Amino acid sequence: MSADGVTESSGPVPEMSDHAADCAARLRDADRVLLASHIDADGLTSAAIASSALERAGIPFETVFSKQLDKEEVASIAATEYETVLFTDFGSGQLDIIADHEAAGDFTPVIADHHQPADADTEFHLNPLRFGIDGASELSGAGASYVLARALEDEDGANRDLAALAVVGAVGDMQNSQGGLHGANAGIVADGVEAGVLEETTDLVIYGRQTRPLPKFLEYASDVRIPGISNDQNGAIEFLSDLDLDLKADGEWRRWVDLSMTERKTVVSALMRRAIASGVPADRIDDLVGTTYSLLAEKEGTELRDVSEFSTLLNATARYERADVGLAVCLGDRDDALEQARTLLRNHRRNLSEGLQWVKNEGVTVEENVQWFDAGTRIRETIVGIIAGMAVGASGIRGDIPILAFAEKSAEEVKVSARGSHVLVRKGLDLSVVMREASRAVGGDGGGHSVAAGATIPAGTREEFVAEADRIVGEQLG
């Protein structure tokens, strides 16, 4: 037994190890495998983990990506004539569709996912929810892929280095929102630390620790808003200038990663004092500090060193139809692919900023139990969900009810993204059910997690969809 209490034979998530072994055996029996994965940070890292494990196991494969797995997409996959299809970071929510193709003899599915399953099943279905593990907070799609990768390894521990990507996927899926990764994710973190690819520390949990100059680092620290610093460039500069520290080098502001531990403690103490003096609630002040994760194989001061920044970089690739770039970065390309990803990231940040400003300017429509906005073609359907999450709690936008965001997908279809909060989930909210039932009521389909979900609906059905979603949320929250 290792120091973290996980036996070498059981893998990082013992509850899933036996079924993971069955799934791995099915993949080994295949002549070749089609690997199909989702496109967000969790989906890209899931695909990278699975493709690395398949390659190391000597299993021929091809990789494809999809923004959403629906009837047409599954039919397209079935038409490839692969006898075995590995779905990563999606598939569970489309089990009924997949099961029909399996029954027809189109292919044998192997699924490594963490989303709420549809009302069907298949033999090789590796999902933490089937083993009493919360797929929204304790194990991501990348985590499920990692459990499968560990089962695929011939030599004990040979795939443990892939834990780094699994942590990127979990953080990209916001599973560290409670101050750090926990549950089944903790076993993966322990694997990464033991493999020497991951560092787990206690630090400020503010985005940009590796890359942002200190004033920008604090100015954009909006998760815990500190008056006079958050969203206030001059205020952040004044705050830093008042500290008895030399925070510039060659006339340029240093970054958080450049500071010594003593300097960091000085900044944190001053930040805490300012927050207290500004009336920030104690529990929110505590949220400033938490567990952070760094990838030790990556260069300090780059987006890839910090897990949060790495996940954001990945989100900026596939959401702009460049999943190939994100996958290449995950697989180690630090030349052309990384430069392309950085260009996409700059564009992504600009689009998020403009999209959020549009929502703030236009406002939202409030129903009895939900609020919503329709961006039409003004916001890309691949990022409208991110912007919806950013908008919650902003000026004029309520934080105590779920938000629905609409964006045009095509002339015939509309993308819907839904975001809630963990407080609402504890009260009974399950957006995966809301999205699935409300979308199917209007001829669409959807699913996801209890706190965040999505759907595609036919154009012209928005009003009916909103009414149905509002009704279901009202029933869930009593």
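The shown structure was predicted, so the numbers you read here are calculated from the model rather than taken from an experiment. (Residues numbered from 1 in each chain as written. Predicted model: local features only at pLDDT ≥ 70, side-chain atom pairs only at ≥ 80, totals over all residues. Heavy atoms only, no water.)

Undergrad: Could you give an account of the overall build of the chain, with specific residues and numbers?
TA: When helices and strands are counted, the chain shows 18 helices and 15 strands. Relative to its length of 478 residues, the chain is compact, with a C-alpha radius of gyration of 22 Å against a globular reference of 23 Å. For the C-alpha atoms alone, the extent of the chain along its principal axes is close to 70 × 55 × 40 Å. Per-residue burial over the chain gives 55% buried out of 478 residues. Put simply, 66% of the contacts in the chain that link residues at least 6 apart link residues at least 24 apart. Carbon together with sulfur atoms contributes 45% to the accessible area of the chain, which is approximately 19,900 Å² in total. Separation of charge centres in the chain, based on 43 positive and 81 negative side chains, amounts to 7 Å. (Helix = DSSP H or I, 4+ residues; strand = E, 2+ residues; numbered from the N terminus. Rg over C-alpha atoms; globule rule 2.2 N^0.38 Å. Buried < 20%, exposed > 50% of the residue type's maximum accessible area, 1.4 Å probe, protein only. Contact = heavy atoms within 4.5 Å. Areas by Shrake-Rupley, 256 points an atom, 1.4 Å probe, with all protein chains shown as cover. Lys, Arg positive; Asp, Glu negative; His and termini not counted. Charge placed at Lys NZ, Arg CZ, Asp CG, Glu CD.)

Undergrad: So what about the pattern of salt bridges? Which residues, and what values?
TA: Pairing is possible between side chains of opposite charge, provided their charged atoms come close. Taken as a whole, this structure holds 26 salt bridges when the rule is applied. Its salt-bridge partner being Arg150, residue Asp191 comes within 2.5 Å of it at the nearest N-O pair. Highlighted residues: Asp191 in helix 7 (residues 184-195) and Arg150 in helix 5 (residues 141-152), separated in sequence by 41 residues. On the accessibility criterion, Arg150 (7% relative accessible area) is buried. With its nearest N and O atoms 2.6 Å apart, the salt bridge here joins Glu468 to Arg471. With Glu468 and Arg471 both in helix 18 (residues 462-476), this residue pair falls three residues apart, about one helical turn. When its relative accessible area of 22% is taken as the criterion, Glu468 is described as partly exposed. Salt bridges linked by common partners bring Arg150, Glu153, Arg160, Asp191 and Glu194 together as one network. (Salt bridge = Lys/Arg side-chain N within 4 Å of Asp/Glu carboxyl O.)

Undergrad: I'd like a rundown of the side chain of Thr45, residues and numbers included.
TA: Within the secondary structure, Thr45 is located in helix 2 (residues 41-56). The residues contacting Thr45, other than those within four sequence positions of it, are Ala142, Leu165, Val168, Gly169, Leu314 and Cys330.

Undergrad: Lay out the environment of Asp203 in plain terms, naming residues and giving numbers.
TA: Relative to the helices and strands, Asp203 is located in strand 6 (residues 198-204). Those residues in contact with Asp203 that sit more than four places away from it in its chain are Arg209, Trp256, Arg264, Leu288, Val289, Gly290 and Thr292.

Undergrad: With reference to specific residues and values, describe the UniProt feature "domain: DHHA1" (unreviewed entry) in the chain.
TA: Per the UniProt record, the feature "domain: DHHA1" (unreviewed entry) sits at residues 400-474. For residues 400-474, the end-to-end C-alpha separation is 13 Å, with 39% helix and 32% strand making up the annotated structure. (UniProt positions renumbered as here; feature names shortened; annotations may be inferred.)

Undergrad: I'd like to hear about the packing of aromatic side chains, residue by residue, with values.
TA: The relation between two aromatic rings is expressed through the spacing of the ring centres and the mutual angle of the planes. Within this structure, the stated rule accounts for six aromatic pairs. An angle of 65 degrees between the planes, with centres 6.4 Å apart, marks the rings of Phe87 and Phe90 as edge-to-face. On the basis of relative accessibility, which here comes to 6%, the residue Phe90 falls in the buried class. Here Phe87 and Phe107 contribute two aromatic rings whose centre-to-centre distance is 6.0 Å and whose plane-to-plane angle is 55 degrees, an arrangement assigned as tilted. Here the residue Phe87 occupies a position in strand 3 (residues 84-88), and Phe107 occupies one in the loop between helix 4 (95-103) and strand 4 (108-112), the gap between them amounting to 20 residues. What makes Phe87 buried here is its relative accessible area of 0%. According to the relative accessible area criterion, Phe107 is buried, its value standing at 3%. Each residue in the set Phe87, Phe90 and Phe107 is aromatic and connected to the rest through ring pairs, giving one cluster. The ring of Tyr82 has Arg32 sitting right over it, with the charged end atom 4.0 Å from the ring centre. (Phe/Tyr/Trp six-rings, centres within 6.5 Å; stacked < 30°, edge-to-face > 60°. Lys NZ or Arg CZ within 6 Å of the ring centre and 35° of its normal.)

Undergrad: Help me get a handle on the domain arrangement of the chain, residues and values and all.
TA: For the chain, the assigned domains are domain 1 (14-173 + 180-192), domain 2 (203-354) and domain 3 (363-477). Averaged C-alpha coordinates put domain 2 and domain 3 at centres separated by 29 Å. The interface of domain 2 with domain 3 comprises six residues on the first partner and six residues on the second. In total, domain 2 and domain 3 occlude about 660 Å² of area from one another, counting both sides; carbon and sulfur atoms represent 61% of this. (Domains from an automatic or database assignment. Buried area = accessible area lost by both parts, 1.4 Å probe.)

Undergrad: Describe in detail helix 12 (residues 307-318), supporting the description with residues and values.
TA: Spanning twelve residues, helix 12 covers 18 Å between terminal C-alpha atoms, matching the ideal 16 Å at 1.5 Å per step. Most of helix 12 is tucked away, with ten of its twelve residues classed as buried. Where the residues of helix 12 are buried, they touch helix 2, helix 6 (163-172), strand 6, strand 9 (289-295), helix 13 (323-330) and helix 14 (336-362). At the N-terminal end of helix 12, a side-chain oxygen is found 3.1 Å from the backbone nitrogen of Ser308, two or three residues along, and the residue is Asp306. (Expected span 1.5 Å × (residues − 1). Polar contact = N/O pair within 3.5 Å; in protein donor to acceptor, adjacent residues only side chain to side chain.)

Undergrad: Quick one: what's the story with the UniProt feature "domain: DDH" (unreviewed entry) in the chain, residue by residue and with numbers?
TA: Cross-referencing UniProt, the feature "domain: DDH" (unreviewed entry) maps to residues 33-169 in the present numbering. Split by type, residues 33-169 is 38% helix and 17% strand. Its first and last C-alpha atoms lie 22 Å apart.

Undergrad: Which residues make up the packing of helix 2 against helix 12, and what values do they have?
TA: One can describe the packing of helix 2 onto helix 12 by two numbers: an axis separation of 8 Å at closest approach and a directional angle of 95 degrees. Judged on the interaxial angle alone, helix 12 and helix 2 are roughly perpendicular. Along the contact surface, helix 2 presents Ala41, Leu44 and Thr45, while helix 12 presents Ser311, Leu314, Asn315, Thr317 and Ala318. Residue classes in the contact of helix 2 with helix 12 are distributed as four nonpolar, four polar and no charged. (Axes fitted to C-alpha atoms, helices over the stretch in contact; angles between N-to-C directions. Parallel < 35°, antiparallel > 145°, perpendicular 65-115°, else oblique. Nonpolar A, V, L, I, M, F, W, Y, C, P; charged D, E, K, R; others polar.)

Undergrad: Residue-level account of the nonpolar core, with values.
TA: In this structure, Leu27, Leu86, Leu148, Val167, Val359, Phe373 and Ile379 are the most contacted members of the largest nonpolar core, which totals 85 residues. The contacts of Leu27, once residues within four sequence positions are left out, are Val33, Leu54, Ile59, Thr84, Leu86, Val110, Leu148 and Leu152. Among the nonpolar cores identified, the runner-up in size contains 24 residues, and Leu204, Leu243, Val268 and Leu288 belong to it. (Core = buried A, V, L, I, M, F, W, Y, C linked by side-chain atoms within 4.5 Å.)

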